Amino acid sequence: MAETVLSTHRLSRSFGPFKAVDGVSLEIARGTITGLIGPNGAGKSTFFNLLTGALAPDAGTVTLAGQDITGLPPSRLFELGMGRTFQIPRPFARMSVLENVMLAPTGQVGETVWGPFLSRKQMRDQERQIRDKAMEVLEFVTLGALADHPAGKISGGQMKLLELARVLMGDPALILLDEPAAGVNPVLTETLIGKIEELNRQGTTFVIIEHDMDLVMRHCDPIIALSEGRIVFQGSADEAMTDAGLLDAYLGTPLHA
Amino acid sequence: MIGTISYLVFFATTASILAIAVLGLNLQWGNTGLFNGGVVAFFGAGAYGTLILGGTPQDGHLGGYGLFYPLALLGGMAAAGVMAWIVGLLTLRLRHDYLAIATFGVAVAFENLMRNAEWLAGGAKGVRGFERPLRDALGDGFLYNIAFFITVLIILITVYLFLERLVASPFGRLLRAIREDEEAASSLGKSPSRIRLTAFITGSVILGLAGGLYGTFYAFVSPQDVLPTLTFQIWAMLIVGGAGNNRGAIFGAFLIWGAWTASGWALSRFAPVEAQLYTGSMQFVLIGVVIVGMLMWRPQGLLPERLVVSQRGSKE
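Rules used throughout
For every chain, the first residue of the written sequence is number 1, and numbering continues from 1 onward in sequence order. Here chains are named by letter from A upward and ligands by number from 1 upward, in the order in which they appear as written. Since the coordinates come from a predicted model, pLDDT governs what is reported: local features require at least 70, and pairs of side-chain atoms require 80 or more to be given and counted, while whole-chain, interface and lining totals use all residues. Runs of E in the DSSP output that reach at least two residues are strands. Runs of H or I that reach at least four are helices, and both are numbered from the N terminus. Our radius of gyration looks at C-alpha atoms and nothing else; its globule reference is 2.2 Å times the residue count to the power 0.38. For every residue, the other C-beta atoms within 10 Å of its own C-beta are counted; 20 or more classify it as buried, 12 or fewer as exposed, and values in between as partly exposed. C-beta atoms are placed from the backbone. Contact between two residues is assigned whenever their backbone-derived C-beta positions fall within 7 Å. Note on geometry: axes are lines fitted to C-alpha atoms, helical ones only across the stretch in contact, with angles between N-to-C directions running from 0 to 180 degrees. What sets the label is the angle itself: under 35 degrees gives roughly parallel, over 145 gives roughly antiparallel, 65 to 115 gives roughly perpendicular, and the rest give oblique. Rotating anticlockwise by less than a right angle from the far helix to the near helix defines a left-handed crossing, while the corresponding clockwise rotation defines a right-handed one. Amino acids outside the nonpolar list (Ala, Val, Leu, Ile, Met, Phe, Trp, Tyr, Cys, Pro) and the charged list (Asp, Glu, Lys, Arg) are all regarded as polar, and Gly is one of them. Domain ranges listed in this record stem from an automatic or a database domain assignment. Strand pairing is assigned whenever DSSP detects at least two bridges linking the two strands. pLDDT measures the predictor's confidence residue by residue and takes values from 0 up to 100.

**Q** Hey, could you run me through the overall build of chain A in this one?
**A** For chain A, the count of helices and strands is 10 helices and 10 strands. For 257 residues, the compact-globule estimate of 2.2 N^0.38 gives 18 Å, and the C-alpha radius of gyration of chain A, at 19 Å, lies within 12% of that figure. On the principal axes, the C-alpha backbone points of chain A span a range of 60 × 40 × 40 Å. Burial statistics for chain A: of 257 residues in total, 43% are counted as buried. Put simply, of all contacts in chain A between residues at least 6 apart along the chain, 67% involve residues at least 24 apart.

The structure is reproduced here in structure tokens:
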């Protein structure tokens, strides 16, 4: 049994009478690419927000590498090695692509009012290291040539790659991707998936919410399906193809689709 | 001739003091996206603080601590900073329009407090009994004004250099990220509330510094000096000059103060006698038109913010 990097225990969140996430318990094994699927309104995004600290659960716990992280703010989770991207990209639009990436590392001495004056040398050395690493990461995600472009002026797909680059600066053990392929042209999607698999081979664990079934079936294992806030399927892609409950969840609730 | 030079020195001193204030607002709005609608309260806290701490003893109101002038000025800055800290803690969660309304309210409350609390700062009569530093040595004339102008100019340059280095540092990067997208910054391990508070206090201390110099220049401050008018003027300077660009902030201060002074002079000279009563209002209309025009046709200001690119610094 592989080591568990992230787990939830009876995680729940309601909005008024509506139970968006209803007692979800799961375990994400280190080194996997887990696909999180489900029809619209199934609770995927809420579940994602509970994992990333954007929302607080009503009940249940989230554990990251053995540590209870329930209710911690997103900023702490990044420090603890969990990075995330957004369904609709959130670049720092009026900053250069490089600045977007250089922002990410934590513990920069120049991040205080006095740092740039009292720790100049240390700050400069750090800046040089961060810049070099940022350029490396940008080259890795194929955005090296765009380093000096305003981040708000690159394409939607490039923004998704930029978000991945920002997250990579924190050397996270776990990366949560919210619909990485949505609105991205097929070529960039292939680039992105290629990078994800390369990082995965190097040991990074991924959880991906995705609507593109073909992509999920080809690249994710295991696959977890949510419907009406509960887990309705958990297993490999092959099992998912033939699972009656999963088909039912998608086809049985056409109003949500 | 000496009259013209004397006037120019007077103009440049006032414009430089206002430029320092605009730089403070630029840190808050231009760099961090904090809509401070109560600029004048922090400016006023600096002015009142400096004069109360540095003035001679007075009957009937606080003051007369006769502090060594630089200490009094630092005290005025601290007063503005403490006020920003309290206001910041209370309004930290507010964004944009709500923060603007809350801070505007703070400024109105500040003005009313100063107008009514005679025990504090002389009420409507203002703070009296402040002697300008080094007056004995330099007198009250042209020499003093030149010396004061040079001092203000040096302070303006210092503040400019301080801010330039600050916004080019990782701290500046943080401020811009908070301005652009707090949630994304938070997902990358940053704490927006701490950063917002730091920027708000730092900007307000700079506003307090400008206020302290302003009070020193006139050796007097009263509630008439902390009317919302000044908030409006300082905002106009930043918008016209270019939010996010420190040079733009300084340029805007001189430009708008020049336009304000010139329009006042032109109106008083050329407007019909029966309209003279309204020249003050006319100035507001003119400045308002300039702001609206800028926002419509050149919202980035005359000197727009520059993108920080990788070449900068990498060749150090």
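**Q** Is there a simple way to think about the packing of helix α1 (residues 2–31) of chain B against helix α7 (residues 142–168) of chain B in this case?
**A** Helix packing for two helices is described by the angle between their axes and how far apart those axes are. Residue and element names in this part refer to chain B. At a closest axis distance of 9 Å, the pairing of α1 and α7 adopts a crossing angle of 20 degrees. Classed by the angle they form, the pair α1 and α7 counts as roughly parallel. As α1 runs across α7, the sense of the crossing is left-handed. Here the residues of the contact of α1 with α7 are counted per class, giving 20 nonpolar, five polar and no charged.

**Q** Looking at this structure, how should I read the domain arrangement of chain A?
**A** Frequently, the measure chosen for interface size is the accessible area removed from exposure when the parts meet. Partitioning chain A into structural domains gives domain 1 (4–89 + 172–251) and domain 2 (92–153). Computed over C-alpha atoms only, the centres of domain 1 of chain A and domain 2 of chain A are separated by 29 Å.

**Q** Explain the sheet that holds strand β10 (residues 230–235) of chain A to me, please; I cannot follow it from the model alone.
**A** By definition, the strands of a sheet pair up through backbone hydrogen bonds, in either a parallel or an antiparallel sense. All names here are of chain A. Across the sheet, six strands lie side by side as β6-β7-β8-β3-β9-β10; this open sheet has mixed pairing. Every interior strand has two partners, whereas the edge strands, β6 (82–84) and β10, have only one. Along the sheet, successive strands turn relative to each other by an average axial angle of 20 degrees, direction set aside. Note: strand β9 (residues 223–227) against β10, five bridges, orientation antiparallel. From the neighbouring strand, Ile 223 faces β10, where its bridge partner is Gly 235.

**Q** When you look at the confidence of the model for chain A in this model, what are you seeing that I'm missing?
**A** Do not read the predicted coordinates in detail wherever pLDDT is low. All names here are of chain A. Residues at a pLDDT of 70 or more form 97% of chain A, whose mean pLDDT is 91. Taking the mean pLDDT of every element in chain A, the minimum, 72, falls on helix α10 (residues 244–251) and the maximum, 97, on helix α3 (residues 97–103). Every residue in residues 253–257 scores below 50 in pLDDT, and together they form six contacts with partners more than four places removed in sequence or on other chains.

**Q** What's the story with the interface of chain A and chain B in this structure? I'm lost.
**A** The interface is formed by 35 residues belonging to chain A together with 28 residues belonging to chain B. Taken together, the elements giving at least two residues each to the side of chain A that touches chain B come down to α2 (74–79), α3, α4 (115–118) and α5 (120–140) of chain A. Across the side of chain A that touches chain B, the residue classes tally to 15 nonpolar, nine polar and 11 charged.

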